[in-house]
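# Notes for the structure review
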Amino acid sequence: MRDGAILRADVYRPPGDGPWPVLLVRTPYGKQDPGVLARLNPVGAAGRGYLVVIQDCRGRFRSDGDWAPLVHESADGYDTVAWAARLPGSDGRVAMYGPSYLGHTQWAAIAARPPGLCAAMPEFTWSNPHDGLITRGGAYELGLMTQWTLSLGINVLERRFADRPEERQRQLAELNSAIGELTTRTCWETSPGESIRRLGLPAPSSDVESTGVSPSPHIPMLIVAGWYDCFLQGSLDSYVSARNVGAPASLIVGPWSHDGPSPLADELEWLDRQLASPTHEPNVRIFVTGSNEWRNLPTWPPEATDAAWYLDADGRLSPAPPDAASPQDTFVHDPNAPVPACGGALLLSPEFPAGPLDQREIEKRDDVLTYTSAALREPLEVVGRIRLHLFADSTASTTDWVARLCDVDTDGVSRNLTDGIVRAHQPHTNEHSIDLWSTAHVFLPGHRIRMQITGSCFPRWDRADGARQTVQHDAARPSRLILPVRHV
């Protein structure tokens, strides 16, 4: 690197003399980590004609320096691309690949504009770190950040106490205890992140800028996302940013969570085509849930008409505005008995799986309000970003509003589609806009639309203070769900 630090990589070469294009992966999880190698079989990719480079990020495993999440990836990415382009057997063209943090290293390198970078394939990664990585809607991403930071802390402590085996053993025992008791003790700590600070583990700074990616108009990219991935909206926002600057970007969104399968064959075929003859033709392919079919679109988001569904008395959700006398609804949020996370676009420990799950037990709780439409007579296709305009008050100075869109089938089973949170500070306003991110879903005939409203989702997000929460939905304060409806 430019500062003299040495970052180490494994290089997989095709048979023969080349030259070949380079396929570069930069990872904090270890260049021989089975999960990293499973995403892209480097031997198989080398057999396909790529010179594959898998590098440990700065401060991780075999590489020099100190681990500082998000800090060094732009400069180190630039220097690594330049180095990879000069490797013996390289034809000077470098493409990057990988999901999650490996996707972030791609965007960081793209922002630095290294001359050898010719294509990128970021999967399942964020755009704005304050929209799903560190925070969301002002609430701390407690479960994701705690689990991720502690897991990466194993290598941090092994390096820090490499010449002090007894202290290394003691610190690793404390770390493993924090991981093992993640949902029973660690996430319940009075001060979120207490175990992380006590062990001195590097974590993404809350002061990081709240900005998105910086795509290049000259670098083709294939962006891969999942409807139940914790970074779904970041992937979609990155695609929009790329198209806005004229980049030749393509997008695939499947019914996947963060740890779900990725369309590797599609990605390598796309890369083969880009290297053979770069094309600027956009291509968007999404999976539509409900109808359970793949759909090709000209762009994202597609054209749609915003349709308002109003919260109303007796738990009704209606396309007609409420009348002036519609009474308000209340519930009590108790931080010592928060609403447990139940499915969704999340990344938590195994007892909290992602995806569409049965919500009936959650909806039985006294601290969860539900508003449900009449049974639909015709299919309703919703594709795009979902928002809830909520009029609501709290007895606490700082409180959370969690909103969740569900599909209730003909058997009465309610399954989550997408959700969001906003941390509100009273008494500045009682009108809140909650971003539920995006979906592509068909509500089938006989199904009903349901909106959940509550004050917590634990341990996904940290807990706000206890409070009595009040939701208004009358003519003067028309709380309403906005659905982007496609007429197809």
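This text goes with the structure placed above it.
Time to look at the pattern of salt bridges. Here the structure, examined in full by the defined rule, presents 32 salt bridges. With a shortest N-O distance of 2.9 Å, Arg2 and Asp79 are connected by a salt bridge. A residue pair is termed long-range when its members are at least 10 positions apart, and Arg2 in the segment before β1 (9-12) and Asp79 in helix α3 (residues 73-85) qualify at 77 residues. Judged by its relative accessible area of 58%, Arg2 is exposed. By relative accessible area, which is 16% here, Asp79 ends up buried. Look at the salt bridges and you will find they share partners, linking Glu167, Arg170, Glu174, Glu194 and Arg198 into a network.

Another aspect to go through is the packing of aromatic side chains. For the structure on display, the rule yields 11 aromatic pairs. Geometrically, the ring pair formed by Trp227 and Trp300 is tilted, given 5.9 Å between the ring centres and 50° between the ring planes. With Trp227 in strand β8 (residues 221-228) and Trp300 in the loop between β11 (293-297) and β12 (305-312), this residue pair connects regions lying 73 residues apart in the sequence. Pair check on accessibility: Trp227 and Trp300 agree, each one buried. An aromatic cluster is present here, built from Trp67, Tyr101, Trp126, Trp148 and Phe231 joined pairwise through their rings. Just above the ring of Trp294 sits the side chain of Arg285; from NZ or CZ to the centre is 4.5 Å.

Let us now look at the sheet that holds β11. Taken together, the nine strands give an open sheet; going across it, the order is β1-β3-β2-β4-β5-β8-β9-β10-β11, and neighbouring strands pair in mixed fashion. In this open sheet, the two edge strands, each paired with only one partner strand, are β1 and β11. Put simply, the sheet's adjacent strands are angled 20° from each other on average, direction ignored. Where strand β4 (residues 90-99) and strand β5 (residues 117-123) come together, six bridges link them in parallel fashion. Across the sheet, the residue bridging to Ala95 is Ala119, located in β5. Of the strands in this sheet, β2 (20-27), β4, β5 and β8 touch helix α4 (residues 101-112), which is tilted by about 135° from β4.

The rules behind each value
Residues numbered from 1 in each chain as written. Predicted model: local features only at pLDDT ≥ 70, side-chain atom pairs only at ≥ 80, totals over all residues. Heavy atoms only, no water. Salt bridge = Lys/Arg side-chain N within 4 Å of Asp/Glu carboxyl O. Helix = DSSP H or I, 4+ residues; strand = E, 2+ residues; numbered from the N terminus. Buried < 20%, exposed > 50% of the residue type's maximum accessible area, 1.4 Å probe, protein only. Phe/Tyr/Trp six-rings, centres within 6.5 Å; stacked < 30°, edge-to-face > 60°. Lys NZ or Arg CZ within 6 Å of the ring centre and 35° of its normal. Pairing = 2+ DSSP bridges. Axes fitted to C-alpha atoms, helices over the stretch in contact; angles between N-to-C directions. Contact = heavy atoms within 4.5 Å.

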